[in-house]
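Now for the letters of each chain:
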Amino acid sequence: MPTKSEFILKDSPQDVIAAFPDVIPKGRSYDGEIAKKKAGAARINEILLGTKLACIAITDDKEGTLAKVSKLNPWHEVALTTITGSLEEAHKPLTHILDKHFGLKLDHQIDISKMAGGMHSVDTQGYIAHNDDIIVVSFRCTTSAFDWMSNLSIVSSEWELDEDLAQGHSGFCSCFDGRFGHLFCGGTKKPRVHTGFYNNILQVIPLLQKYIDPLLKADQAPRTLYVVGHSLGAGVSTLATCYFLLSHDWATLPQRLLNISAGTPRACGSSMAAVVEEELATLTPLEKAAIFRIVMDQDAVCMVPPEKSGYLHVGRSIFLTEDGEVLVNPKSRVKARELSSIVEGEMKEMKDNNPSAPAHLETEEGKEEIDNAGYQKMVAKIPKPFRDHCPDCYLEPLMRLYEREDKDN
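Now for a description of the structure that goes with this document. (Residues numbered from 1 in each chain as written. Predicted model: local features only at pLDDT ≥ 70, side-chain atom pairs only at ≥ 80, totals over all residues. Heavy atoms only, no water.)

Tallying secondary structure elements over the protein chain gives 17 helices and 15 strands in all. A fraction of 73% describes how many contacts in the protein chain between residues 6 or more apart in sequence connect residues 24 or more apart. Working note: accessible area of the protein chain is about 18,700 Å², and carbon and sulfur atoms make up 52% of it. (Helix = DSSP H or I, 4+ residues; strand = E, 2+ residues; numbered from the N terminus. Contact = heavy atoms within 4.5 Å. Areas by Shrake-Rupley, 256 points an atom, 1.4 Å probe, with all protein chains shown as cover.)

Below you can see the structure in the form of structure tokens.
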């Protein structure tokens, strides 16, 4: 259970740094003054806003969506209640929440569930919205993390956007494409990405081209584009960011690209990760593009697919420790346990312990409110690697930090 003491940070006490001479200090505790002065720095107002925008993608304008989701996943109801201020507001339509609580106009609700060509299953929901200051594309998380994590494929495909957009999928047996051809036919290897996330974003890109690309022009307002997501949606948001990053000349545009994701699985092969990091190395110091992935303590989703299968995270991490600290791009002196080391029996236990009903009670006024004590007792039964993945766990420390920084200012 990582605490701040398990990280050797640039701002760690000198005696701690001296005790580990073989460890190079990396990252630091969040510092509001650095955030103000340093170009491309993580800023708590943006990190929290991106996380909230990711969380509300769980709902839509259909009647009863959040109620249905919360029957098996009550943490989403808790998260939206925290964001909107009341249980009643949490169950309002997405259009209402975006307008009242964020001042955003909903442009399109993403809802794509089908079998694409090449026998690829696609299931992506979310929304696109904007106002005078920001543009948002947010991808919904999965409501059955136990199931998809247990069966998450490690198959990758080449990033061949023009060809794959034309056919609507990554191709048949795309996991073999480009593996060996460059050895015999010459040419260079193309960057590779996770096949499942790639086929999902291929279906969404036409919507991004229709609703967002027209706002990314020299004659448009200098908005910040937030590409956000939690869990499965975080993985899709990573590849949506790859699309925007590689399809626009951000150095000359007045707009800015910001990817904020929470509980993010790895979506980029090492080759695509190298391409992304090279772009960020140029654009982040110019305050034109940044990627921040938030990691809550032991969140198991952040460990898949494993690095040994060829996948890497991109951008900088915002690590939320067990003791409530917010660390920017740290590296623990204790090696994190990959999900592959969690034995099959533990996975079964985690799935079997998934709560099956939300914690509610009737108040004296007859209005329904969340029973916090009952909720905490229920989620305490969930093993920590999955409990740490719940959206309310991500919101709480970020909101505390934001309130503290706001008070100090």
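Below, the discussion takes up the side chain of Arg140. Turning to its location among the elements, Arg140 is positioned in the loop between strand 4 (134-139) and helix 8 (145-150). With relative accessibility at 17%, the residue Arg140 sits in the buried group. (Buried < 20%, exposed > 50% of the residue type's maximum accessible area, 1.4 Å probe, protein only.)

Most of strand 3 (residues 120-130) is tucked away: eight of the eleven residues are buried. Note: strand 2 (residues 105-116) against strand 3, eleven bridges, orientation antiparallel. Looking across to strand 3, one finds that Asp111 is bridged to Gln125. Relative to strand 4, strand 3 is paired through five bridges, and the arrangement is antiparallel. Paired with His130 across the bridge in strand 4 is Ile135. The loop that links strand 3 with its antiparallel partner strand 4 comprises three residues. (Pairing = 2+ DSSP bridges.)

Ranked by size, the top nonpolar core spans 62 residues in total, and within it Leu53, Ile56, Tyr127, Ile294 and Ile318 carry the most contacts. Ignoring sequence-local partners within four residues, the contact set of Leu53 consists of Phe102, Leu104, Tyr127, Ile134, Val136, Ser138, Tyr226 and Val228. Core analysis: the second largest hydrophobic core is formed by 44 residues, Ala240, Trp250, Ala267 and Cys268 among them. (Core = buried A, V, L, I, M, F, W, Y, C linked by side-chain atoms within 4.5 Å.)

On to a positive patch on the surface. Residues Lys10, Lys26, Lys38 and Lys331 make up a contiguous surface patch of positive charge. Among the structural elements, Lys26 can be located in the loop between helix 1 (14-19) and strand 1 (28-29). For Lys26, a relative accessible area of 32% translates into the label partly exposed. (Patch = residues over 30% accessible without salt bridge, like charges linked within 9 Å, V, L, I, M, F, W, Y side chains within 5 Å. Salt bridge = Lys/Arg side-chain N within 4 Å of Asp/Glu carboxyl O. Lys, Arg positive; Asp, Glu negative; His and termini not counted. Charge placed at Lys NZ, Arg CZ, Asp CG, Glu CD.)

Looking now at the sheet that holds strand 7 (residues 224-230). Ordered in space as 1-13-12-10-8-7-4-3-2, the nine strands form an open sheet in which the pairing is mixed. Where the open sheet ends on each side, the last strands, each with one partner, are strand 1 and strand 2. Across five bridges, the pairing between strand 10 (residues 289-296) and strand 12 (residues 316-320) is parallel. In the strand pairing of strand 12, Ile294 is matched with Ile318. Of the strands in this sheet, strand 2 and strand 3 are in contact with helix 7 (residues 94-102), which crosses strand 2 at around 145°. Along the sheet face, helix 12 (residues 232-247) touches strand 4, strand 7, strand 8 (256-262) and strand 10 and points at about 150° away from the line of strand 7. (Axes fitted to C-alpha atoms, helices over the stretch in contact; angles between N-to-C directions.)

Overall, the coordinates contain 16 salt bridges when judged by the stated rule. For Glu46, the salt bridge is made with Arg43, and the minimal N-O distance between the two is 3.9 Å. Residues Glu46 and Arg43 agree in their burial class; the two are buried. The partner of Asp297 in a salt bridge is Lys384, with the nearest N and O atoms 2.3 Å apart. Of this pair, Asp297 sits in the loop between strand 10 and strand 11 (311-312) while Lys384 is found in helix 16 (residues 384-387), placing the two residues 87 residues apart along the sequence. Salt bridges sharing partners connect three or more residues here, namely Arg43, Glu46, Arg256 and Glu287.

For the bond from Val304 to Pro305, the omega torsion is -20°, close enough to zero to count as cis. Looking at where Pro305 falls in the secondary structure, it is placed in the loop between strand 10 and strand 11. Of note in this structure, Glu287 is not a glycine but carries a positive phi near 65°. The topology assignment puts Glu287 in the loop between helix 13 (270-283) and strand 10. A relative accessible area of 24% places Glu287 in the partly exposed class. Here the phi dihedral of Asn329 falls at roughly 55°; this positive angle occurs in a residue that is not glycine. Inspection of the secondary structure puts Asn329 in the loop between strand 13 (326-328) and helix 14 (344-352).

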